[in-house]
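As a plain string of letters, each chain reads:
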Amino acid sequence: MARELLVGIDLGAGSLKTSIIRLDGTLAGEASAPVATHAPHPGWSEQDPHDWWAAICETVPRALAAAEADAGAVAAVSFSAGAHTQVLEDAQGRVIRPAILWNDQRSAAETALLRQQADARILEIGANRANPTWTLPQMLWLRRNEPEAFARVRRLYVAKDWLRAQLTGTWETDHIDAVGTLMADARTNTWSAELCGMIGWPMETLPPIVPPTTVVGEVTAEAARACGLRAGTPVVCGTSDTAAETYGAGMVREGLGVVKLATAATVSVLTPAARPDFTVINYPHVIPAHWYVIAATNSCASAHKWLRDTFFKRAGEDGTAVFDEMDRRAAAVAPGAEGLFFHPYLNGERSPHWDPLLRADFVGIGFNHGSGHFVRALYEGIAYSLKDCLLALRGQGLDFSTARLTGGGARSALWRQIVADVLDVEVELPAVADASFGAALIAGVGIGAYADARAAADVVTVVSRARPDAARAARYAQGHALYCEIQSALAPINHKIHAFVRGQ
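Being a predicted model, the structure only gives us computed values, none of them experimental.

Enquirer: Please give an account of the sheet that holds strand S16 (residues 256-261) that cites residues and values.
Expert: Pairing is mixed across the open sheet formed by 7 strands, whose spatial order is S18-S19-S17-S16-S22-S23-S24. Two strands lie at the open edges of the sheet, namely strand S18 (281-284) and strand S24 (462-466), each paired on one side alone. The mean inter-strand angle of the sheet, taken between neighbouring strand axes irrespective of direction, is 30 degrees. Two elements, strand S17 (residues 265-271) and strand S19 (residues 291-297), share 7 bridges in a ladder whose sense is antiparallel. Among the inter-strand pairings, Val 269 is bridged to a residue of S19, identified as Val 293. With respect to the sheet, helix H9 (residues 241-248) is in contact with S16, S17, S19 and strand S22 (402-406), its orientation differing from that of S16 by roughly 125 degrees.

Following this line, the structure appears as structure tokens:
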């Protein structure tokens, strides 16, 4: 049987998705399964890695069935997952504790300590600033709060690497995810003894670092029996979800940005060099000798789902149908939501505030506001937060005139148009726009199915465009100014609310 299919597996914050594509970039089949996130304490966000593997064993056979394909048609498989999320194993290869996710906020005190002791030095070495998002402060939290678990660690995996190891039995990471731990020297793509020394982390627990397109092994017979892939299928390292998404969206040239409307939202742009700064995030890219710079807001589709589940969805209703109805109601409301504003800080905030204590809000509520106003205000509030992100990038001399949208939120034509109007840029929607698609392309590059990484991205196609309307863009420019003024006024009150909740 001809091996002309590529498999990409992406672990998201709430689900795992397996996509199967043909070499021309068309989607052959896909399947997803939910993954539970646990919050045993306020601000915590954890998952059981074994749930990830169970999701692979569920979705791979379903995706193959959807593609009407046999596992023998798969040429290669690769992975992506959220950066920073770590899996810790002991000397017997047992998972020590649940994985701490990228959106976990427990390490605020450790972040403050690292900033106090070595803020500029961490930025110089790691190209990024310490924040609760990163593995470095998370592992300092582990040392201070769970010393027995810290002492047992013999191997650290980044999330997608642990998943991939279930297929191959090998242990490595790519240089993009290594930078995402904030434990690597971003200048040399090697682990940093100095950064690890700041938290007393043993260097021998860190995996070898390879390029994301490296073939690192093959599917073992045991893994094949469990998940439905064929034994001997090549497995390519893969990378973080945002790297895979931006690559899968076709961001392989400067001047093209990517806006992600997923669990979190990001604004990314390609650059030939890192731009270390306290306000943005820097990662190497899949395209060799290039970086992508990110500004990010913590809550996007997660906020949309929260609004649906809290105020719109009744027991037994189809969640997708409820989203569609929410979208229709929002479309009936004029731009500006008649003065209703939403700040999407349901789990603190990253760019440009980097403040885990910020809280979400709806401001300006009146008797004139109905359910559609709240949905539109949420769309607009997240778009305003994305404009904050874009302004942070522009502060580094980075910009774009066209952005490609990825993530589940991109399915809403209304939300796409709001993003175009608020950012005042043209927005393009790729035919397939998610990390699992990008991971599948990376699998193809790894086995030589494409000439190189740029050539693989040539298969990306655009299916729709949204151009900004001048009148709406002007209206939203006024709205963004108010949005920022409200944020500044409420930030100190947010901090007092946090202290109140903690009983301080």
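Enquirer: Before we move on, can you summarise empty space enclosed by the protein with the specific residues and values?
Expert: In total, this model carries 1 cavity of 30 Å³ or more according to the counting rule given. The calculated volume of the largest cavity comes to roughly 60 Å³. Lining the largest cavity, in full, are Gln 105, Asn 131, Pro 132, Thr 133, Asn 298, Glu 349, Arg 350, Trp 354, Asp 355 and Pro 356. Along the lines of polarity and charge, the residues of the lining of the largest cavity split into 3 nonpolar, 4 polar and 3 charged.

Enquirer: Let's hear about the environment of Ala 151: which residues, and what values?
Expert: Along the chain, Ala 151 turns up in helix H4 (residues 147-152). For the pair Ala 151 and Trp 201, spaced 50 residues apart in sequence, the C-alpha to C-alpha distance is 9.7 Å.

Enquirer: Mind laying out the packing of helix H10 (residues 301-312) against helix H11 (residues 319-331), listing which residues take part and the relevant values?
Expert: In the contact formed by H10 and H11, the axes pass within 11 Å of each other and the chain directions differ by 95 degrees. It follows from the interaxial angle that H10 and H11 lie roughly perpendicular. Along its contact with H10, which presents His 304, Lys 305, Leu 307, Arg 308 and Phe 312, the element H11 presents Gly 319, Thr 320, Val 322, Phe 323, Met 326 and Arg 329. Within the contact of H10 with H11, the residues separate by chemical class into 5 nonpolar, 3 polar and 3 charged.

Enquirer: Tell me about the nonpolar core, and please be specific about residues and values.
Expert: Trp 201, Tyr 247 and Tyr 283 are the most contacted members of the largest nonpolar core, which totals 68 residues. Per-element tally for this core: the top contributor is helix H14 (residues 435-446), with 6 residues. The residues touching Tyr 247, leaving out its near neighbours within four places in the chain, are Val 252, His 285, Val 286, Ile 287, Gly 438, Leu 441, Ile 442, Val 445, Ala 453, Ala 456 and Ala 457.

Enquirer: Give me the packing of aromatic side chains: which residues, what numbers.
Expert: Scanning the entire structure with this criterion turns up 13 aromatic pairs. Ring centres of Tyr 384 and Tyr 483 lie 5.2 Å apart, and the angle between their planes is 45 degrees; on these two criteria the pair is classed as tilted. In this pair, Tyr 384 is assigned in helix H12 (residues 371-394) and Tyr 483 in helix H16 (residues 470-501), connecting sequence segments 99 residues apart. For Tyr 384, a relative accessible area of 3% gives the class buried. A relative accessible area of 0% places Tyr 483 in the buried class. By the ring-pair criterion, three or more aromatic residues cluster together here, those being Phe 341, Tyr 384, Tyr 476 and Tyr 483.

Enquirer: Account for the pairing of S17, with residues named and values stated.
Expert: For S17, the tally of buried residues reaches 7 of 7 residues, placing the bulk of the element in the interior. Every second residue of S17 is oriented toward a common face, with Ala 265, Val 267, Val 269 and Thr 271 on one face and Thr 266, Ser 268 and Leu 270 on the other, all of them buried. With 5 bridges connecting them, S16 and S17 associate as antiparallel partners. Its bridge partner lying in S17, Leu 261 is registered against Ala 265.

Enquirer: I'd love a proper account of the environment of Arg 225, names of residues and values included.
Expert: Secondary-structure assignment places Arg 225 in helix H8 (residues 221-227). Between the C-alpha atom of Arg 225 and that of Cys 57, which follows or precedes it by 168 residues, the distance is 9.4 Å.

Enquirer: Can you tell me about unusual backbone geometry, naming the residues and giving the values?
Expert: Cis geometry marks the peptide bond from Ser 351 to Pro 352; its omega dihedral reads -10 degrees. Considering the arrangement of structural elements, one finds Pro 352 in the loop between strand S20 (341-343) and strand S21 (361-363). A positive phi angle, near 50 degrees, is found at Glu 68, a position not held by glycine. With respect to the element layout, Glu 68 can be found in the loop between helix H1 (49-66) and strand S5 (74-81). Glu 68 gets classed as exposed once you look at its relative accessible area, which sits at 76%. The backbone of Leu 182 shows a phi angle near 65 degrees, a positive value even though the residue is not glycine. With respect to the element layout, Leu 182 can be found in the loop between helix H6 (175-180) and strand S10 (184-185).

Enquirer: Describe in detail the pattern of salt bridges, supporting the description with residues and values.
Expert: Tallied over the full model, the rule gives 34 salt bridges. The partner of Arg 129 in a salt bridge is Asp 119, with the nearest N and O atoms 2.9 Å apart. Taken as a pair, Arg 129 in the loop between helix H2 (108-126) and helix H3 (135-145) and Asp 119 in helix H2 lie far apart in primary sequence, 10 residues in all. For Asp 119, a relative accessible area of 15% puts it in the buried group. The shortest N-O distance in the salt bridge between Arg 329 and Glu 325 comes to 3.1 Å. Highlighted residues: Arg 329 and Glu 325, both in helix H11, separated by 4 residues, approximately one helical turn. Look at Arg 329 and you get partly exposed, because its relative accessible area is 34%. Accessibility expressed as a relative area gives 29% for Glu 325, which makes it partly exposed. Look at the salt bridges and you will find they share partners, linking Lys 160, Asp 161, Arg 164, Glu 172, Asp 174 and Asp 177 into a network.

Enquirer: Talk me through the side chain of Ser 80; I want residue IDs and the actual numbers.
Expert: Position of Ser 80 among the secondary structure elements: in strand S5. There is a polar contact of 2.7 Å between the side chain of Ser 80 and the side chain of Asp 10. The contact partners of Ser 80, leaving out residues within four places of it in the chain, are Ile 9, Asp 10, Leu 11, Lys 160, Thr 239, Ser 240, Asp 241, Ala 244, Ala 435, Ser 436 and Ala 439.

Enquirer: I'd like a description of the side chain of Asp 177, backed by residues and values.
Expert: Within the secondary structure layout, Asp 177 lies in helix H6. Assessed through its relative accessible area of 1%, Asp 177 is described here as buried. When residues no more than four places from it in sequence are discounted, the contact partners of Asp 177 are Ala 83, Val 158, Lys 160, Thr 239 and Ser 240.

Basis of the calculations
Residues numbered from 1 in each chain as written. Predicted model: local features only at pLDDT ≥ 70, side-chain atom pairs only at ≥ 80, totals over all residues. Heavy atoms only, no water. Pairing = 2+ DSSP bridges. Helix = DSSP H or I, 4+ residues; strand = E, 2+ residues; numbered from the N terminus. Axes fitted to C-alpha atoms, helices over the stretch in contact; angles between N-to-C directions. Contact = heavy atoms within 4.5 Å. 1 Å grid on protein atoms, 1.4 Å probe; cavity = no way out; pocket = protein on both sides within 12 Å on 5 of 7 lines; lining within 4 Å. Points joined across faces, edges and corners; volume = space filled by probe spheres on them. Nonpolar A, V, L, I, M, F, W, Y, C, P; charged D, E, K, R; others polar. Parallel < 35°, antiparallel > 145°, perpendicular 65-115°, else oblique. Core = buried A, V, L, I, M, F, W, Y, C linked by side-chain atoms within 4.5 Å. Buried < 20%, exposed > 50% of the residue type's maximum accessible area, 1.4 Å probe, protein only. Phe/Tyr/Trp six-rings, centres within 6.5 Å; stacked < 30°, edge-to-face > 60°. Salt bridge = Lys/Arg side-chain N within 4 Å of Asp/Glu carboxyl O. Polar contact = N/O pair within 3.5 Å; in protein donor to acceptor, adjacent residues only side chain to side chain.

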